[in-house]
Amino acid sequence: MTAPVPGWLSDLATDPDRHPLPPWMRPLDGRGRAAAVLLLFGESAGGPDVLLIQRSANGRNHAGQPAFPGGGIDPEDGGPIGAALREAEEETGLDPRGVHVVGTLPELYLGRSDNRVTPVLGWWHTPCTVHAASPDEVESVARVPVAELVDPANRLRLRFPGGDAGPAFRVRGMLVWGFTAGILDIVLTATGFAQPWDASQVQDLPPEVIRLARR
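Residues numbered from 1 in each chain as written. Predicted model: local features only at pLDDT ≥ 70, side-chain atom pairs only at ≥ 80, totals over all residues. Heavy atoms only, no water.

> Explanation requested: the pattern of salt bridges in the structure shown.
Two side chains carrying opposite charge are able to pair once their charged atoms lie near each other. Taken as a whole and assessed by the stated rule, the structure comprises twelve salt bridges. Measuring nitrogen to oxygen at the nearest pair gives 3.3 Å for the salt bridge that ties Arg 86 to Asp 74. With a gap of twelve residues between them, Arg 86 in helix H2 (residues 80-92) and Asp 74 in the loop between strand S4 (70-72) and H2 connect regions that are remote in the sequence. Residue Arg 86 is classed as buried on the basis of its relative accessible area, which comes to 19%. (Salt bridge = Lys/Arg side-chain N within 4 Å of Asp/Glu carboxyl O. Helix = DSSP H or I, 4+ residues; strand = E, 2+ residues; numbered from the N terminus. Buried < 20%, exposed > 50% of the residue type's maximum accessible area, 1.4 Å probe, protein only.)

> Can you walk me through the side chain of Thr 191 in this structure?
Here Thr 191 lies in the loop between helix H4 (178-190) and strand S12 (202-204). Of note is the side chain of Thr 191, whose polar atom sits 3.3 Å from the backbone oxygen of Leu 188. Discounting chain neighbours no more than four positions away, the residues touching Thr 191 are Trp 8 and Leu 12. (Polar contact = N/O pair within 3.5 Å; in protein donor to acceptor, adjacent residues only side chain to side chain. Contact = heavy atoms within 4.5 Å.)

> Whenever I open this one, the sheet that holds strand S11 (residues 174-176) confuses me. Can you help?
For sheets, the rule is that strands pair by backbone hydrogen bonds, running either parallel or antiparallel. One open sheet accounts for four strands, arranged S11-S10-S9-S12; its pairing is mixed. Sheet topology places S11 and S12 at the edges, where each strand pairs with a single neighbour. For this sheet, the mean angle separating the axes of adjacent strands, direction not counted, is 40°. Alignment of strand S9 (residues 155-159) against strand S10 (residues 165-171), held across five bridges, turns out to be antiparallel. When the sheet's bridge partners are listed, Leu 156 is paired in S10 with Ala 168. (Pairing = 2+ DSSP bridges. Axes fitted to C-alpha atoms, helices over the stretch in contact; angles between N-to-C directions.)

> I keep staring at the side chain of Arg 55 and nothing clicks. Help me out?
When you line up the elements, Arg 55 lands in strand S2 (residues 47-55). Exposure remark for Arg 55: the relative accessible area of 13% places this residue in the buried category. For Arg 55, the side chain forms a polar contact with the side chain of Glu 91, separated by 3.3 Å.

What follows is the structure in structure tokens.
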């Protein structure tokens, strides 16, 4: 028996435009390569969870960073949904047949890699074992419980070299920041999972993270 799509996820897909995006996440007209990421939610013993990957420190783009599975949209993908599922299968060994695509969120802009990214919302109705299926690109894969993401003890803000600060999470040995953390922050708030936390806790982005990000 497969798990039905929960109301909080279907509601998010039905009316995504009512959740405003920060200015730095808004796409610039005509700029960037089309890409897609898979926001894959499932249900485990600890409640709802989301699939995240840790990119390889040897990768070309976003080295060492936690992220959603995803990448550029190829012509044969047929659009962002096909691309998100293909990339997730290549990166984590995910079986796309176990995923129900609920919808998409508005396109976002990822300036560092100059990508226009469409987040694809998926419900993992029939979970399978996942792993770092592409070691050159992915170091590890984790199903991160939403309860850990919203735990105030795991939340903070990180100050970037330019002086701006954004949301971040410390979960499962990962420091989730930047684009991925921004999306998680929006989604957790929109779905009602977010808990009050001390946003005055601002730390500098660690030097080793900056070094990898600038490669």
